[in-house]
Amino acid sequence: LARAISFPLCVQLGINVFYPEFQKLQQWDDKKEFLSPAEYKEYMELTKGSTYRHITFTKKDAATLENLENKYREKKHELEEKRGSIVFYVTLFFATLFIILSTIIPVPAISAGLVLAGIASAINGYWRTWFYLDAKIKFASLLVAIILLTTISFISFYRKQKNK
């Protein structure tokens, strides 16, 4: 169980270590990260550093603010999509690796832990990236996962039958 919890966390931390630009997505006030310094300064001047629900804007200021908000959303979405793609492929690689290693290692406690770690890593990868995945990739990866887990189950079953 400890492996099932720690391996997915380790994979996520590893991704953040090798791709430090993803740290921008975890900050509370991230407009500063996605807008240029001049754009951020203009944004702060327009909103006066607060939520702008209480402020009335001229048409020009409202249009400028909307453009800045759109730039922010576009840049953030691009980085989220890039992160989603990387998280998906890395977590599924490690999930597959853990599950395949579980068939190679003959110790039942370690083997079961690796299967759980692989399943937990795959679930973690899907959970974080499902929104960004294409339907074909979703279908193909889930089909491969079902085939892989079924194959592992048969290998495990026949290994137990052989040892009896």
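Residues numbered from 1 in each chain as written. Predicted model: local features only at pLDDT ≥ 70, side-chain atom pairs only at ≥ 80, totals over all residues. Heavy atoms only, no water.

(A) Quick peek at the layout of surface pockets. Considering only enclosed or pocket space, the largest pocket measures out at about 380 Å³ in volume. Contributing to the lining of the largest pocket are 18 residues, with Pro108, Ser111, Ser156, Arg159 and Lys160 lying nearest its centre. Top contributing element to the lining of the largest pocket by residue count: helix 6 (residues 135-163), with eight residues. The residue inventory of the lining of the largest pocket, partitioned by class, reads 10 nonpolar, six polar and two charged. (1 Å grid on protein atoms, 1.4 Å probe; cavity = no way out; pocket = protein on both sides within 12 Å on 5 of 7 lines; lining within 4 Å. Points joined across faces, edges and corners; volume = space filled by probe spheres on them. Helix = DSSP H or I, 4+ residues; strand = E, 2+ residues; numbered from the N terminus. Nonpolar A, V, L, I, M, F, W, Y, C, P; charged D, E, K, R; others polar.)

(B) Geometry of the pattern of salt bridges. Within the structure shown, the criterion is met by three salt bridges. A salt bridge links Glu21 to Lys82; the shortest N-O distance between them is 3.1 Å. Linking Glu21 in the loop between helix 1 (2-18) and helix 2 (31-34) with Lys82 in helix 4 (residues 59-104), this pair joins segments that are 61 residues apart in sequence. On the accessibility criterion, Glu21 (24% relative accessible area) is partly exposed. Here Lys71 and Glu39 are joined by a salt bridge, their closest N and O atoms 2.7 Å apart. With Lys71 in helix 4 and Glu39 in helix 3 (residues 37-47), this residue pair connects regions lying 32 residues apart in the sequence. You can call Lys71 partly exposed: its relative accessible area is 38%. Its relative accessible area of 13% is what places Glu39 among the buried residues. (Salt bridge = Lys/Arg side-chain N within 4 Å of Asp/Glu carboxyl O. Buried < 20%, exposed > 50% of the residue type's maximum accessible area, 1.4 Å probe, protein only.)

(C) Local environment of a nonpolar patch on the surface. A surface patch of nonpolar side chains, amounting to about 440 Å² of accessible area, comprises Phe93, Leu97, Ile100, Leu101 and Ile104. Among the secondary structure elements, Leu97 is positioned in helix 4. (Patch = residues over 30% accessible without salt bridge, like charges linked within 9 Å, V, L, I, M, F, W, Y side chains within 5 Å. Areas by Shrake-Rupley, 256 points an atom, 1.4 Å probe, with all protein chains shown as cover.)

(D) The arrangement of the packing of helix 1 against helix 4 in detail. At a minimum axis separation of 10 Å, helix 1 and helix 4 run at an interaxial angle of 140 degrees. Taken together, helix 1 and helix 4 sit at an angle that is classed as oblique. The handedness of the crossing between helix 1 and helix 4 is right-handed. On helix 4, the residues touching Phe7, Val11, Gln12, Ile15 and Asn16 of helix 1 are Arg83, Ile86, Val87, Val90, Thr91, Phe94 and Phe98. In the contact of helix 1 with helix 4, the residues fall into eight nonpolar, three polar and one charged. (Axes fitted to C-alpha atoms, helices over the stretch in contact; angles between N-to-C directions. Parallel < 35°, antiparallel > 145°, perpendicular 65-115°, else oblique. Left-handed = near helix turned anticlockwise from the far one by under 90°. Contact = heavy atoms within 4.5 Å.)

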